[in-house]
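Structure assessment
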Amino acid sequence: MMHDTLDTTADLVRQENVARILDCAERLFRHYGYGKTNVADIARELGMSTANIYRFFASKVEIHQAVCGRMLATCYQLTYDACHSPGTASERLRRYVQTHYQWTRDTMLDQEKVHEMVVVAIERDWHVIEKHIDRIRGLVEEVIREGIAAGEFADQDPEVASRCFGAAIISLCHPQMVAQCLAKNNRAMPDELIEFAIRALKK
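Starting afresh in each chain, residues are numbered from 1 along the sequence in its written order. With the structure being a predicted model, the display of local features is reserved for residues of pLDDT at least 70 and the display and counting of side-chain atom pairs for 80 or more, all residues being used for whole-chain, interface and lining totals. Note: side-chain values were computed over all heavy atoms of the structure, leaving out hydrogens and water.

**Section: the overall build of the protein chain**
A helix here means a DSSP run of H or I that spans at least four residues, while a strand means a run of E at least two residues long, and both kinds are numbered starting from the N terminus. Along its length, the protein chain carries ten helices and two strands. N-terminal to C-terminal, the α/β element order of the protein chain is α-α-α-α-α-β-β-α-α-α-α-α. Its C-alpha atoms give the protein chain principal-axis dimensions of about 60 × 50 × 25 Å. Exposure classes here rest on a 1.4 Å probe applied to the protein chains alone. A residue is buried below 20% of its type maximum, exposed above 50%, and partly exposed in between. Counting the 203 residues in the protein chain, one finds 42% classified as buried. For the protein chain, the share of sequence-separated contacts (at least 6 apart) that also reach a separation of at least 24 residues comes to 68%. By element, 54% of the accessible surface of the protein chain is carried by carbon and sulfur atoms, the whole surface being about 11,600 Å². Residues scored as charged are limited to Lys and Arg (positive) and Asp and Glu (negative), so that His and the chain ends carry no count. Working definition for charges: the position is that of NZ of Lys, CZ of Arg, CG of Asp or CD of Glu. Computing the positive centroid from 25 side-chain charges and the negative centroid from 29, the protein chain places the two 4 Å apart. Every residue pair with non-hydrogen atoms within 4.5 Å of one another is taken to be in contact. Computed with a 1.4 Å probe, the accessible areas rest on the Shrake-Rupley method; for each residue, only the protein chains presented here act as cover.

**Points about the UniProt feature "DNA-binding region" (unreviewed entry) in the protein chain**
Cross-referencing UniProt, the feature "DNA-binding region" (unreviewed entry) maps to residues 38-57 in the present numbering. Note that residues 38-57 is 65% helix and 0% strand, and that its end C-alpha atoms are spaced 13 Å apart. UniProt positions are given in the numbering used here, feature names are shortened, and annotations may be inferred rather than shown by experiment.

**Brief notes about the side chain of His132**
Relative to the elements of secondary structure, His132 occurs in helix α7 (residues 126-149). Taking relative accessible area as the criterion, His132 reaches 10% and is therefore assigned buried. Excluding residues within four positions of it along the chain, His132 makes contact with Leu72, Cys75 and Tyr76.

**Focus: the packing of aromatic side chains**
Any two aromatic rings considered together are summarised by their centre-to-centre distance and by the angle between their planes. For Phe, Tyr and Trp, where Trp contributes only its six-membered ring, two rings pair if their centres lie within 6.5 Å, and the inter-plane angle classes them as stacked under 30 degrees, edge-to-face over 60, or tilted in between. Applying the stated criterion across every chain yields a total of two aromatic pairs. Summarising the aromatic geometry, the rings of Tyr76 and Tyr80 are spaced 6.4 Å apart at their centres and angled 35 degrees between planes, so their arrangement reads as tilted. Of the two residues, Tyr76 and Tyr80 are both situated in helix α4 (residues 60-83); the distance of four residues between them amounts to about one turn of the helix. Remark: a charge is flagged as sitting over a ring if the NZ atom of Lys or the CZ atom of Arg is within 6 Å of the ring centre and within 35 degrees of the ring normal. Stacked on the ring of Tyr34, the Lys or Arg Lys60 has its end atom at 4.1 Å from the ring centre. Of note, Arg135 hangs over the ring of Tyr76, and the distance from its end group to the ring centre comes to 3.7 Å.

**Focus on the environment of Thr88**
Mapping Thr88 onto the fold places it in the loop between α4 and α5 (89-108). With 64 residues separating them along the chain, Thr88 and Glu152 place their C-alpha atoms 8.2 Å apart.

**Notes on the environment of Asp157**
Note that Asp157 resides in the loop between α7 and α8 (158-168). Separated by 109 residues in sequence, Asp157 and Met48 place their C-alpha atoms 54 Å apart.

**Considering the UniProt feature "domain: HTH tetR-type" (unreviewed entry) in the protein chain**
Using the residue numbers shown here, the UniProt feature "domain: HTH tetR-type" (unreviewed entry) corresponds to residues 15-75. As annotated, residues 15-75 has a helix share of 77% and a strand share of 0%, and its two end C-alpha atoms lie 21 Å apart.

**Points about the state of the cysteines**
The definition used for a disulfide is geometric: two cysteine sulfur atoms within 2.5 Å. For the structure on display, the rule yields zero disulfides. A disulfide-free cysteine, Cys83 has its sulfur positioned 11 Å from the sulfur of Cys75, the nearest such atom. With relative accessibility at 2%, the residue Cys83 sits in the buried group.

**Overview of the packing of α5 against helix α9 (residues 175-182)**
To define axes, lines are fitted to C-alpha atoms, for helices over the stretch in contact only, and angles between the resulting N-to-C directions are given on a 0 to 180 degree scale. The contact between α5 and α9 brings their axes to 10 Å, and the two run at 90 degrees. Accordingly, the angle class assigned to the pair α5 and α9 is roughly perpendicular. Of the residues in α9, those in contact with Tyr101, Thr104, Arg105 and Met108 of α5 are Pro175, Val178 and Leu182. For the contact of α5 with α9, a count of residues per class yields five nonpolar, one polar and one charged. Should an angle lie under 35 degrees it is considered roughly parallel, over 145 roughly antiparallel, and from 65 to 115 roughly perpendicular; all remaining angles are considered oblique. For this classification, the nonpolar set comprises Ala, Val, Leu, Ile, Met, Phe, Trp, Tyr, Cys and Pro, the charged set comprises Asp, Glu, Lys and Arg, and every other residue, Gly included, is treated as polar.

**A short note on the pattern of salt bridges**
We define a salt bridge as a contact between a side-chain nitrogen of Lys or Arg and a carboxyl oxygen of Asp or Glu at a distance within 4 Å. Under the defined criterion, the tally for this structure stands at twelve salt bridges. Of the charged contacts in the structure, one is a salt bridge between Glu45 and Arg27, with a shortest N-O distance of 3.7 Å. Separated by 18 residues along the polypeptide, Glu45 in helix α2 (residues 39-46) and Arg27 in helix α1 (residues 2-32) bring together distant segments of the chain. Owing to a relative accessible area of 45%, Glu45 belongs among the partly exposed residues under this scheme. A salt bridge links Glu141 to Arg137, with the shortest nitrogen-to-oxygen separation between them at 2.8 Å. Note that Glu141 and Arg137 are positioned in helix α7 at a spacing of four residues, about one turn of the helix. Exposure class is identical for Glu141 and Arg137. Each is buried. Here the salt bridges do not stand alone but share partners, grouping Asp23, Glu26, Arg30 and Arg70 into one network.

Encoded structure:
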């Protein structure tokens, strides 16, 4: 029994240390840039030795992957909550896209520029992001399926419809496209795109 308690305490301490390292790393990546931040900088900011950081992460790459993984988990949870919130299928899809768009602007962009750590993740860990996109698409597909069953959307293949819906709103979700569109005044506004994509499901 005591052994189990000690293991639990050790796990909690480890989780706290990991969270502190990731919080600090994300803050430094955002402020100085991924390329200009090294493990020694993170250790110095936390008042730890570099060796202590390496007890939890093997490299800066691993820290970066964990930071990005945490961001994607937050994004998934926001999408899950929107897709399972009260309302019609149209209302839930609208809520999902609006939430995702705002989260992308708040989390992945600095003014109108994509954070370097996000660009690095897109270029180096696209397979992880692809898996995340598939999970998001699965949530959207379920909402569309429910909308079809309720007679709100036209009878169609919900899997194909979810992919087309995702393609229609990609400029509101992909950080680099969001940044590019913010700098232009000849692009469709977010609400216009959202309503266009939802109307297409009703045809």
